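What follows is each chain in one-letter form.
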Amino acid sequence: MVEYKVTVSTTNIATATTFSNVFIKLVGTDGESDRTWLLSLKGVASFFRGAVSSFTVSCPASLGKLVLIELDKQRLPFIPEDSWFPAKVEVKSPEGETYHFPIYRWITDNEVHRFREGTALKVFDDNHHLGQYSREQELNQRAQDYVWDVYAEGIPHIIKAESPSSLPSEVRFSFTKSTEFAYTAKASLTELNLKGLDDCTERWDDLDTINRVFCCKRTAISEYVQQHWKEDALFAYQFLNGVNPMLIRRCTVLPRNFPVTDDMVCLHGQGSLGDEMKKGNIFLCDYKNFDGLKANTINGKKQYLMAPLILLHKTPEHKLMPIAIQLKQTPADDNPIFLPTDSEYDWLIAKIFVRSTDFNEHQLNVHLLRTHLLAEVFAVSLLRNLPMVHPLYKLLVPHTRYTLQINLLARIRLISESGVFTQFTSSGGEAMATILKRSLASVTYSSLCIPDDITERGLQNVPNFYYRDDGLQLWDIINRFVKGVLSYYYKTDAEVQKDSELQKWILDIFEHGFLSQPDKGIPQRFTTVAELIKFVTMVIFTCSAQHSAVNTGQYDYGGWMPNTPTSLQLPPPTTKGTTDETRMLQTLPDVNATVQGMASLWLLSKPSSDFVALGQYPEEHFSEEVPRKLIKDFQGELGVLSAAIKIRNQSLEIPYTCMDPAEFENSVAI
Ligand code: FE2
């Protein structure tokens, strides 16, 4: 007889414990063990949360190289079926070799579940017939568990699921996170002391009253924003380092529908507009995707949503300042070009209309579509096409954590018919689908890859652009890590080309995420290792750093409503000289729309307690030395960048923290 020492670790999260009897079968190249009941002196405590328990499995002869294990649990009489969350199983063979079996899955039933040995294998490396069989079985099951669904025509496809509880348990929130999220969603109005205001359909009388509501919950940045929201410098700064750094671009030729002339603008002592454009000192923000949309109706009142154009100038002091705003796309006498030299309230109301459109552009395009919905496509495609033993599954699965569930909750609570977004923002309702559709049509591959995006938008030399500075460094660090891991598993381009699972993954993304649009540069197959590395870098960057860049500051910049109104309820002035403070207050959203917006932004920017920072991989999917060492190097580089960002931030008036890798998660999880 020979003996195998089996060590089973149960994850240390609430409800991971099972009271059931657990059975294991070891399967190797030379045979398999009996299905063996795992008994130890710990008795029923063997599979409690956090337990690491050892057992012996005896066999008549060596099983050869271990290929997989089979695990099942059988409940005790009179005890209901429970859910078990094993982390991993380690098996020491009589030959002295240790085999690792990563699990990190809920086992909720009494069926037999197979788990592969941790060495990553591509489909053409998987030579053992049992390995191949379990690979096929796993993918067949996944294709049934993760089914594509169409949410609306022209936007990325989603996972088919009625409610969070209908999602496969492996992708659901941990107990801690789900109770916390439910609690927060319900309680954020209470927490912000806004209860009672959420059914008030009155307008605000003055800014002081808004301040009394806002002062219950402030952050250092939201307080700064409240003090400086009327200033041009902060208005311009937000196009670089606010929650939407994705729209601004260098302007080399004025758009024909934005007839700004030299005598209109003040160029801070510099030459003509033409000269300054040549020097690269003029920038443009164009919300053309918002042209011709029908705005929402809130509290029975028609709302207004503009499609503005904004021109900005880089001053000799290296500051970005707005120099002209036109609120509608078509130039006309009743569509004035507003200027900083106009009266205080003419200029301020123009900026407020821009900020309100930016709120809607940010939430639907930059945040929902370009991070949440794309992350869902990456996740569903991964789960459908790559088995756990595939190296890309091991690399990417930590970057999909909680994404399917958070998106499902967002669809139910934010953008459904009764959702907060639908009810209280100017783009809620009919306009939403159009904006999402136009946004997807404008997504290109290069706009998702920050080095290409910054070059294409001509933003290489803009001063004080921390989204770019931190983002480019993060991209490089992620890219080095991805290159290390993928070059280890793919030695030649031919290996990439013949990996049928990998090719199905990218084709699924092309078809279901980008709706097979051929002219956007999105790959539909990989021919080289380099193409694969770039795409996977983009996936990790989008799910982690990019999501944080557009998510974290939402309350900082939106908590003080006048800086980011979710909707506006009077039309913009058609002539100058007609706006005063009263008209501005009448234009701002009603009390209930304001507090619902504040509560949602508070909820969405709150870090969760089971936060896992970029590059931290508590689940050990890789068992080979090379990828494990690359993970350590990755963590080291992220640590150095985090320290440098913290030092840089000490000298900034507004610290830019949302791309500090110690402060954001591996995945879209909120
Ligand atoms: Fe988010």
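The structure this text deals with has already been given above.
Read on for a plain summary of the structure. For every chain, the first residue of the written sequence is number 1, and numbering continues from 1 along that sequence. Given that this is a predicted model, residues contribute local features only at a pLDDT of at least 70 and side-chain atom pairs are listed and counted only at 80 or more, while totals for whole chains, interfaces and linings are drawn from all residues. Each side-chain value is derived from all of the structure's non-hydrogen atoms; neither hydrogens nor water enter the calculation.

**Let's talk about the sheet that holds strand 13 (residues 282-286)**
Test applied: Pairing between strands requires that DSSP locate at least two bridges from one strand to the other. Think of it this way: any DSSP run of H or I at least four residues long counts as a helix, any run of E at least two long counts as a strand, and we number them from the N terminus. Every residue pair with non-hydrogen atoms within 4.5 Å of one another is taken to be in contact. Angles run from 0 to 180 degrees between N-to-C directions of axes, and those axes are lines fitted to C-alpha atoms, restricted for helices to the stretch in contact.
Taken in spatial order, the 5 strands make up an open sheet running 12-13-16-17-18, and their pairing is antiparallel. Two strands lie at the open edges of the sheet, namely strand 12 (249-250) and strand 18 (337-338), each paired on one side alone. Where strand 17 (residues 320-326) lies against strand 18, 2 bridges are found, and the strand directions are antiparallel. Within strand 18, the residue paired with I325 across the bridge is F338. Taken strand by strand, helix 5 (residues 232-241) contacts strand 13, strand 16 (309-314) and strand 17, and its axis lies near 90° from that of strand 17. Against the sheet, helix 7 (residues 344-385) engages strand 16, strand 17 and strand 18, with an angle of about 90° to strand 17.

**Concerning helix 3 (residues 207-214)**
Residues spaced three or four apart along an α-helix face the same direction, because each turn holds 3.6 residues. Rules: The buried label goes to any residue with under 20% of its type's maximum accessible area, the exposed label to any with over 50%, and the partly exposed label to all in between, with areas taken from a 1.4 Å probe on protein chains only. It is the directions from the helix axis to the C-beta atoms whose arc is reported. The term polar contact refers here to a pair of N or O atoms within 3.5 Å; inside protein, the definition further demands a hydrogen-donor-capable atom paired with an acceptor-capable atom, and it admits residues adjacent in sequence only when both atoms are side-chain atoms.
Where helix 3 is concerned, the buried positions are L207, I210, V213 and F214. Seen from one end, helix 3 has its buried residues packed into an arc of 115°, which puts them on one side. Those residues of helix 3 that are exposed and angled more than 90 degrees off the buried face are D208 and R212. The inward-facing, buried residues of helix 3 abut helix 4 (220-228), helix 18 (554-558), helix 19 (581-587) and helix 20 (591-604). The distance from a side-chain oxygen at the start of helix 3 to the backbone nitrogen of D208 is 3.2 Å, and the residue carrying that oxygen is D206.

**Things to note about the coordination of the iron ion**
Using the following cut-off: Shown as donors are all N, O and S atoms within 2.8 Å of a metal ion, widened to 3.2 Å for Na, K and Ca; because water is not in the atom set, sites may appear incomplete.
Protein coordination at the iron ion: the donors are H367 (NE2), H372 (NE2), H547 (NE2), N551 (OD1) and I670 (O), at 2.1 to 2.5 Å from the metal. One chain supplies every donor for the iron ion, spaced along it as H-x4-H-x174-H-x3-N-x118-I. Of the two residues, H367 sits in helix 7 while H547 sits in helix 17 (residues 529-551), which places them 180 residues apart along the sequence. Here H367 falls in the buried class, since its relative accessible area comes to 5%.

**Considerations on helix 17**
Heads up, the rule is: The span you would expect from a helix comes to 1.5 Å times its residue count less one. Note on bend: at a given residue it equals the angle between the axes fitted to the 7 residues ending there and to the 7 starting there.
For helix 17, with 23 residues, the first-to-last C-alpha span of 32 Å sits near the 33 Å given by 1.5 Å per residue. T542 marks where helix 17 bends most, by close to 45°. For helix 17, the buried fraction is high: 20 of the 23 residues fall into the buried class.

**Some details on the nonpolar core**
As a rule of thumb, nonpolar side chains are buried together in soluble globular proteins. As a reminder, the rule being used: Here, nonpolar core refers to any group of buried Ala, Val, Leu, Ile, Met, Phe, Trp, Tyr and Cys residues whose side-chain atoms link them within 4.5 Å.
Core analysis: the largest hydrophobic core is formed by 186 residues, its most contacted members being L26, L71, V89, W505, F535 and V536. Apart from residues no more than four positions distant in its own chain, F535 is found in contact with F378, Y445, W505, I506, I509, P523 and F526. One finds F258, M277, L284 and L311 within the second-largest nonpolar core, a separate group that totals 16 residues.

**Overview of the packing of aromatic side chains**
For clarity, the threshold we go by: Each Phe, Tyr or Trp ring (for Trp, its six-membered ring) is paired with any other whose centre lies within 6.5 Å, and the angle between the two planes then decides the class: stacked below 30 degrees, edge-to-face above 60, tilted in between. By definition, being over a ring means that NZ of Lys or CZ of Arg is both within 6 Å of the ring centre and within 35 degrees of the ring normal.
Summed over the entire model, instances satisfying the criterion amount to 22 aromatic pairs. When the centroid spacing of 6.1 Å and the interplanar angle of 20° are considered together, the rings of Y489 and F622 count as stacked. Taken as a pair, Y489 in helix 14 (residues 466-489) and F622 in the loop between helix 20 and helix 21 (625-650) lie far apart in primary sequence, 133 residues in all. An identical accessibility class is assigned to Y489 and F622; each is buried. Pairwise contacts between aromatic rings join F378, Y445, W505, F526 and F535 into one cluster. Here K122 stacks its cationic end above the ring of Y490, 5.2 Å away from the centre of that ring. A cation over a ring is seen here: R411 above Y151, with NZ or CZ 6.0 Å from the ring centre.

**Here we look at the packing of helix 14 against helix 21**
The line we're drawing: Oblique is the label for any angle not covered by the other classes, which are roughly parallel (under 35 degrees), roughly antiparallel (over 145) and roughly perpendicular (65 to 115). Three categories are distinguished: nonpolar for Ala, Val, Leu, Ile, Met, Phe, Trp, Tyr, Cys and Pro, charged for Asp, Glu, Lys and Arg, and polar for the others, with Gly belonging to the last.
The interhelical angle for the contact between helix 14 and helix 21, taken along N-to-C directions, is 170°, at an axis separation of 9 Å. Classified by the interaxial angle, the pair formed by helix 14 and helix 21 is roughly antiparallel. Along its contact with helix 14, which presents Y466, D470, Q473, L474, I477, I478, R480, F481, G484, V485, Y488 and Y489, the element helix 21 presents V626, P627, L630, I631, F634, E637, L638, L641, I645 and R648. Among the residues making up the contact of helix 14 with helix 21, the classes are represented as 16 nonpolar, 2 polar and 4 charged.

**Things to note about unusual backbone geometry**
Unusually for a residue other than glycine, N299 sits at a positive phi of about 50°. With respect to the helices and strands, N299 occurs in the loop between strand 14 (297-298) and strand 15 (301-302). A residue is classified by how much of its surface remains accessible, and N299, at 30% relative accessible area, is partly exposed. Of note in this structure, Y402 is not a glycine but carries a positive phi near 70°. Summarising the element assignment, Y402 is placed in the loop between helix 8 (391-396) and helix 9 (403-413).

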